[in-house]
Amino acid sequence: MNKIKVLFFVFIGVSVLDIIGIIFKIPILIQVFKPLILLSLLVLYAVSVLKLNKLYVFALIFSFFGDVFLMFSGELYFIIGLVSFLIAHLLFIKIVINQIQKQPISKVIISIIPFLVLFLGLILFLKNSLSDLLIPVIIYGLTICTFGTVSLINYLSTKSKKSLLMLVGAIVFISSDSVLAINKFYNSSHLLEIIIMITYVLAQYLIFRSMVYEYKTKR
């Protein structure tokens, strides 16, 4: 078994153990293995490509910090975690924008509409529960929807597997964050906590697959 396969199974293993910790409410599993999810994915990425994309490396690092801060309770930790993921999403957006060629305005509008509708619907649904966090959540929501929008623009222009993986990863990430917002601000549920983590891990892995796709096709 080569190094990449070993590290892939490490990533799957720590992800599964963290999810088991959430399912059965075992704090020690969550505390130990949640921080290892992004660290193992970062190492897997490092050994999967010949040249690192520095933007993606920093996106993984900020995602790691987001995971760590969101493990703690309290509004301050939530804000710091939110900012960490905000920076990660801005880096994801920059990565995708670097791949986009000039597109007609019609494709841009078509790409904006579904994510704008989702954003407005979620904000209207949660606005009475957000209180002082309304503005930070609006900024974060606009950012993740921008990630989805640019990913859709890129896919519509290329129709490649690489861009499809990034688009699906962005959609799953948005879904995960939307469920997280509903769970935190509207109706807390143990089932939603499990869904949040499963979709988050899947989203990060799909984005990873997109980032290594060109390299894998050239091997």
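Residues numbered from 1 in each chain as written. Predicted model: local features only at pLDDT ≥ 70, side-chain atom pairs only at ≥ 80, totals over all residues. Heavy atoms only, no water.

Counted under the stated rule, the structure contains 15 aromatic pairs. Measuring from centroid to centroid gives 5.8 Å for Phe8 and Tyr205, while their planes differ by 50°, and the two rings are tilted. Of this pair, Phe8 sits in helix H1 (residues 3–23) while Tyr205 sits in helix H8 (residues 190–218), and the two are 197 residues apart along the sequence. Plain terms: the ring middles of Tyr45 and Tyr56 are 4.7 Å apart, the flat faces sit at 85° to each other, and that makes the pair edge-to-face. Note that Tyr45 is positioned in helix H2 (residues 27–48) and Tyr56 in helix H3 (residues 54–70), a separation of eleven residues in sequence. (Phe/Tyr/Trp six-rings, centres within 6.5 Å; stacked < 30°, edge-to-face > 60°. Helix = DSSP H or I, 4+ residues; strand = E, 2+ residues; numbered from the N terminus.)

Turning our eyes to something else, we now look at the confidence of the model for the protein chain. In regions of low pLDDT, the predicted coordinates are not meant to be interpreted in detail. Per-residue confidence for the protein chain gives a mean pLDDT of 95; residues scoring 70 or more make up 97%. For the protein chain, per-element mean pLDDT is lowest for H8, which scores 91, and highest for H3, which scores 98. (pLDDT = per-residue confidence, 0-100.)

So, on to a nonpolar patch on the surface. A cluster of nonpolar side chains, Ile12, Val16, Leu17, Ile20, Ile23, Phe24, Ile26, Ile28, Val32, Leu36 and Leu39, forms an exposed patch at the surface whose accessible area comes to about 830 Å². When residues of the nonpolar patch are traced back to their parent elements, those giving at least two are H1 and H2. Per-element tally for the nonpolar patch: the top contributor is H1, with five residues. Mapped onto the elements, Ile20 comes out in helix H1. (Patch = residues over 30% accessible without salt bridge, like charges linked within 9 Å, V, L, I, M, F, W, Y side chains within 5 Å. Areas by Shrake-Rupley, 256 points an atom, 1.4 Å probe, with all protein chains shown as cover. Salt bridge = Lys/Arg side-chain N within 4 Å of Asp/Glu carboxyl O.)

Trans peptide bonds make up most of the peptide bonds, and negative phi angles are found at most residues other than glycine. In the Ramachandran plot, Lys25 falls in the positive-phi region, its phi being about 55° despite a non-glycine side chain. Within the secondary structure layout, Lys25 lies in the loop between H1 and H2. Looking at Lys25, the relative accessible area reads 60%, which means it is exposed. Non-glycine residue Ser131 carries a positive phi angle of around 55°. With respect to the element layout, Ser131 can be found in the loop between helix H5 (105–130) and helix H6 (134–158). The exposed category is assigned to Ser131, whose relative accessible area is 58%. (Buried < 20%, exposed > 50% of the residue type's maximum accessible area, 1.4 Å probe, protein only.)

Here Val10 is to be found in helix H1. Taking C-alpha positions, Val10 is 8.8 Å from Leu41, a pair spaced 31 residues apart along the chain.

The subject of this paragraph is the layout of surface pockets. Its volume calculated, the largest pocket comes out at about 1000 Å³. In terms of lining, the largest pocket is formed by 40 residues, of which the most central are Lys34, Leu70, Leu180, Asn183 and Ile196. The biggest single contributor to the lining of the largest pocket is helix H7 (residues 161–185), with nine residues. Considered class by class, the residues forming the lining of the largest pocket number 24 nonpolar, ten polar and six charged. (1 Å grid on protein atoms, 1.4 Å probe; cavity = no way out; pocket = protein on both sides within 12 Å on 5 of 7 lines; lining within 4 Å. Points joined across faces, edges and corners; volume = space filled by probe spheres on them. Nonpolar A, V, L, I, M, F, W, Y, C, P; charged D, E, K, R; others polar.)

What follows covers H1. For H1, which comprises 21 residues, the first-to-last C-alpha distance of 30 Å matches the rise-based estimate of 30 Å (1.5 Å per residue) to within 8%. Those residues of H1 not exposed but buried are Ile4, Leu7, Phe11, Val14, Ser15, Asp18, Ile19, Gly21 and Ile22. Down the axis, H1 shows its buried residues gathered within 160° of arc, on one side only. In this structure Asn2 caps H1, since a side-chain oxygen of it lies 3.2 Å from the backbone nitrogen of Ile4. Lys25 lies just past H1 and shows a positive phi near 55°. (Expected span 1.5 Å × (residues − 1). Arc of directions from axis to C-beta. Polar contact = N/O pair within 3.5 Å; in protein donor to acceptor, adjacent residues only side chain to side chain.)

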